[in-house]
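Here are the chains, one letter per residue:
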Amino acid sequence: MTGLPEGLEFEHCTAAEARSRRQMVEDIYHRSYVDAIASGDPFDSPSEFMRRFDSYTEPRNSGFAYVLARVNGKAAGQIWGWPLPPNARWWTGLHLDSGDLGEFTTEDGTRTFGLSEIMVCAEYAGQGIAHALHDELLSSRTEQRATLLVEADNDRAYERYRLWGWKRVGWRRPSWPDAPQFDVLIRALR
């Protein structure tokens, strides 16, 4: 990657470390999802976002991985996810485009990494930080594949994911209150 801002650094955190930075996580969300928050969609409200974050970082959830991007010491973006456990709720309601649903969704805690969030603060958008965060987190993973959810009409994100090697395998609507329908993407990790 070229054109990354000078002073870009990454910090890897556990769930407990990320939770201890809860206010910073919320601040990055506010600075990244400006238009989504302004839309008034209940799913995108900061309180609902932080409720989801809190559930992801509960001590009972093992394997949560968080990476913070800083530019010259200032928080610029973040990404997180976790390995999908057996009987992962991630796949609940999946409508697979093709293939055997049971085989596709069988998890053992080492097969699939669920990439849940990636965001870059508006003032740093377009500088390659999202791709750098993506590669920083996924390069440290040992799972066979990764999955993420993207709204089908989010053209900018969707195009980037395709360029980064992701492919659509189906769609689903998570059980979170007011959750939209998402396309499900997969990418091989090794």
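I will try to describe carefully the structure that is included in this document.

Criteria and thresholds
- Residues numbered from 1 in each chain as written.
- Predicted model: local features only at pLDDT ≥ 70, side-chain atom pairs only at ≥ 80, totals over all residues.
- Heavy atoms only, no water.
- Core = buried A, V, L, I, M, F, W, Y, C linked by side-chain atoms within 4.5 Å.
- Buried < 20%, exposed > 50% of the residue type's maximum accessible area, 1.4 Å probe, protein only.
- Helix = DSSP H or I, 4+ residues; strand = E, 2+ residues; numbered from the N terminus.
- Contact = heavy atoms within 4.5 Å.
- Polar contact = N/O pair within 3.5 Å; in protein donor to acceptor, adjacent residues only side chain to side chain.
- Phe/Tyr/Trp six-rings, centres within 6.5 Å; stacked < 30°, edge-to-face > 60°.
- Lys NZ or Arg CZ within 6 Å of the ring centre and 35° of its normal.
- Pairing = 2+ DSSP bridges.
- Right-handed = clockwise from strand over helix to strand, strands pointing away.

Digging into the nonpolar core
For step 1, the next point in the chain: Counting 55 residues, the largest nonpolar core has Phe64, Tyr66, Trp80, Trp91, Ile129, Tyr161 and Trp166 as the members making the most contacts within it.
For step 2, the next point in the chain: For this core, the element with the highest residue contribution is strand 2 (residues 65–71), accounting for six residues.
For step 3, the next point in the chain: Residue contacts for Trp166: discarding those within four places in its chain leaves Leu115, His134, Leu138, Ala146, Thr147, Leu148, Tyr161, Leu185, Ile186 and Arg187.

Here we look at the environment of Glu17
For step 1, the next point in the chain: Secondary-structure assignment places Glu17 in helix 1 (residues 15–19).
For step 2, the next point in the chain: Along the backbone, Glu17 and Tyr66 are 49 residues apart, and their C-alpha atoms lie at a distance of 8.8 Å.
For step 3, the next point in the chain: Here Thr14 takes part through its backbone nitrogen, which lies 2.8 Å from a polar atom of the side chain of Glu17.

Focus on the packing of aromatic side chains
For step 1, the next point in the chain: Applying the stated criterion to the full structure yields 14 aromatic pairs.
For step 2, the next point in the chain: For the pair Phe64 and Trp80, a centre-to-centre distance of 6.2 Å together with 40 degrees between the ring planes defines the contact as tilted. You can see Phe64 sitting in the loop between helix 4 (46–56) and strand 2 and its partner Trp80 sitting in strand 3 (residues 74–83), a full 16 residues away along the chain. You'll find Phe64 and Trp80 in the same group, each marked buried.
For step 3, the next point in the chain: The cationic tip of Arg52 hangs over the ring face of Phe43; the distance from NZ or CZ to the ring centre is 3.9 Å.
For step 4, the next point in the chain: Arg145 extends its terminal NZ or CZ atom over the ring of Phe104, reaching a point 4.5 Å from the ring centre.

Remarks on the side chain of Arg172
For step 1, the next point in the chain: Topologically, Arg172 is positioned in strand 7 (residues 167–172).
For step 2, the next point in the chain: Separated by 3.4 Å, the side chain of Arg172 and the backbone oxygen of Arg89 make a polar contact.
For step 3, the next point in the chain: Within polar-contact distance, the side chain of Arg172 engages the backbone oxygen of Trp90 at 2.8 Å.
For step 4, the next point in the chain: Once residues lying within four places of it in the same chain are set aside, the contact partners of Arg172 are Arg89, Trp90, Trp91, Thr92, Gly93, Leu94, Leu149, Pro180, Gln181, Phe182 and Val184.

As for the pairing of strand 6 (residues 145–150)
For step 1, the next point in the chain: The buried count for strand 6 comes to five of six residues, which makes it a mostly enclosed element.
For step 2, the next point in the chain: As paired strands, strand 5 (residues 112–120) and strand 6 are joined by four bridges and run parallel to one another. When the sheet's bridge partners are listed, Phe113 is paired in strand 6 with Ala146.
For step 3, the next point in the chain: Of the crossover connections in this fold, the one passing from strand 5 over helix 6 (residues 129–138) to the parallel strand 6 is right-handed.
For step 4, the next point in the chain: Pairing of strand 6 with strand 8 (residues 182–188), which is carried by six bridges, proceeds in the antiparallel orientation. Bridging across to strand 8, Arg145 finds its partner in Ala188.

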